[in-house]
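Read off the chains here:
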Amino acid sequence: MIDLRSDTLTQPTPAMREAIARAAVGDEQKREDPTVNELERRGAEFLGQEEAVFLPTATMANQIALNILGNPGDALLVERHAHIMLSELGGPAAHSGLLTIGLPGTNGRFSPDQVVSELRDRTSVHVAPTRLVAVENTHNSSGGRVWPLAEIDAIVAVCREHDLRIHLDGARLANAATGSGVEAARIGRGFDTVTLCFSKGLGCPLGALIAGSAELMARARRGKHYFGGAMRQAGIVAAAALYALDHHVDRIGDDHARARRLAAGLAAAGLGVDLDQVETNFVQIDVGADRAGAIEQIKERGVLVSTTVHPTVVRAVIHLDISDEDVDAAVEAIPAALGATRTGALRAR
Ligand SMILES: Cc1ncc(COP(=O)(O)O)c(C=O)c1O
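Residues numbered from 1 in each chain as written. Predicted model: local features only at pLDDT ≥ 70, side-chain atom pairs only at ≥ 80, totals over all residues.

A few points about the overall build of the protein chain
Inclusion rule: Only DSSP runs of H or I reaching four residues or more are called helices, and only runs of E reaching two or more are called strands; each is numbered from the N terminus. Values of the radius of gyration come from C-alpha atoms, whereas the globule rule sets the reference at 2.2 Å times the count of residues to the power 0.38. Placing C-beta atoms from the backbone, we regard two residues as in contact once those atoms come within 7 Å.
The helix and strand inventory of the protein chain stands at 14 helices and twelve strands. The C-alpha radius of gyration computed for the protein chain amounts to 20 Å, which stays within 12% of the reference 20 Å derived for 349 residues, consistent with globular compactness. Sequence separation of at least 24 residues holds for 76% of the intrachain contacts in the protein chain that already meet a minimum separation of 6.

Examining the domain arrangement of the protein chain
Accessible area lost on assembly of the parts is the figure often given for the size of an interface. Rules: Note that the domain bounds reflect an automated or database-derived domain assignment. Note that Gly is not counted as nonpolar here; it falls among the polar residues with everything else outside the nonpolar set of Ala, Val, Leu, Ile, Met, Phe, Trp, Tyr, Cys and Pro and the charged set of Asp, Glu, Lys and Arg.
For the protein chain, the assigned domains read domain 1 (14–247) and domain 2 (251–341). One C-alpha centre belongs to domain 1, the other to domain 2; they are set 28 Å apart. Listed as interface residues are 14 residues of domain 1 and, on the opposing side, 15 residues of domain 2. Ranked by residue count, the leading element in the side of domain 1 that touches domain 2 is helix α8 (residues 173–180), at four residues. Grouping the amino acids of the side of domain 1 that touches domain 2 by side-chain chemistry returns three nonpolar, ten polar and one charged.

What about the sheet that holds strand β6 (residues 165–170)?
To be explicit about the condition: Here, a strand pair is defined by DSSP locating no fewer than two bridges between the strands. For every element, the axis is a line fit to its C-alpha atoms; helices are fit only across the contacting stretch, and the angle between N-to-C directions ranges from 0 to 180 degrees.
Spatially, β2-β8-β7-β6-β5-β3-β4 is the arrangement adopted by the seven strands of the open sheet, whose pairing is mixed. Of all strands in the sheet, those with a lone pairing partner are β2 (51–55) and β4 (99–103), marking the two edges. On average, adjacent strands in this sheet sit at an angle of 20 degrees to one another, irrespective of strand direction. Examined bridge by bridge, strand β3 (residues 75–79) and β4 share five bridges and lie parallel to one another. Paired with A75 across the bridge in β4 is L99.

Describing the sheet that holds strand β11 (residues 306–307)
With antiparallel pairing, three strands are arranged side by side in an open sheet as β9-β12-β11. Every other strand in the sheet has two partners, leaving β9 (282–286) and β11 as the edge strands with one partner each. Pairing geometry for β9 and strand β12 (residues 313–317), over five bridges, is antiparallel. If you follow F282 over to β12, its bridge partner there is V317. Contacts between helix α12 (residues 252–268) and the sheet are confined to β9 and β12, with β9 contributing the most and set at about 20 degrees to the helix.

Some points on the site of the ligand
Here is the rule: Defining nearness, a residue is near a molecule or strand when the C-beta atom obtained from its backbone falls within 6 Å of it.
Near the ligand you find T57, A58, T59, N62, H83, E136, N140, D169, A171, C197, S199 and A208, and these make up its full shell. In terms of residues, the shell around the ligand owes the most to one element, helix α3 (residues 58–69), which gives three residues.

Here we look at the environment of L304
Rules: With C-beta atoms placed from the backbone, a residue is buried if 20 or more other C-beta atoms are within 10 Å of its own, exposed if 12 or fewer are, and partly exposed between those counts.
Relative to the helices and strands, L304 is located in strand β10 (residues 303–304). A residue is classified by how many C-beta atoms lie within 10 Å of it, and L304, with 16 of them, is partly exposed. Taking C-alpha positions, L304 is 23 Å from R251, a pair spaced 53 residues apart along the chain. Ignoring any residue separated from it by four or fewer positions in sequence, one finds L304 in contact with M1, D3, L4, R5 and K299.

Pasting the structure below:
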């Protein structure tokens, strides 16, 4: 089976498993795990921030970030299909008492004007003041789309101008950096806090970072305990993440090239794929109204794809365990499976 449901599905490589086996470990709650300490140092550098804190998941990193940046009753602006909005169980409200306002986005992005138009009267006794903004890069549900650096800089600038805190959900920041040709540190440095996930394109079994100033990270370390994310001999996992920083960042371009090749092959076969939307490792395929049936037909041909928030669209995600041969096989199998349900070009979302 060629599993294109998500880039979270990778198996640790033999070399990563060796790094895990060799890891020096200690009690990371006491800051005595040398491998976690080294990962936090390297991770902060990678993300263009002063300090980083190692966590089990990117969801926890996002939730801790929002918790330390906002106060109960504050309003948070986020694109309406962002992971924070759709897939974190209302966490900003449940954990931090935030009112989340979903901004309509284009390819997962929103503009400085949209931020300004959602600024509220901070002196009013009725209105939740807008205090936080979160950006997702790459943006998952729009198909792994990348924020151009100029747009990031403009959003950060408008947040600074209006005294708003700004978080980057960079779960796939390594993909965004490769996709835009801009270093992750340059993208990350303007934000108050940044999330990075190791269990997606970087191919680790688990692990994430939150990064920010030393002052904010002192609060994030408290948040890590508060949210139940403080671990013990976590160097076992941090070793995989260090291995990924050394060996899996530079190869992400291979995933992107394979995604483009898959997209081109599917489009040439007449399927609803818009090549302009393939900027990183996701390919979105518009399969028409019977999406569940299409997913089953594709599965019968030996390929797994998954749903998206868009009712007629499935996604195929390239990752570390997908080879050129797998792409070739998928280019054959998916059109064959969908022969009866071909649709027009995928519209911009
Ligand atoms: C953009 C984005 N942020 C955060 C997460 C959460 O990651 P985790 O599953 O590690 O909590 C995901 C997971 O898919 C994601 O796509």
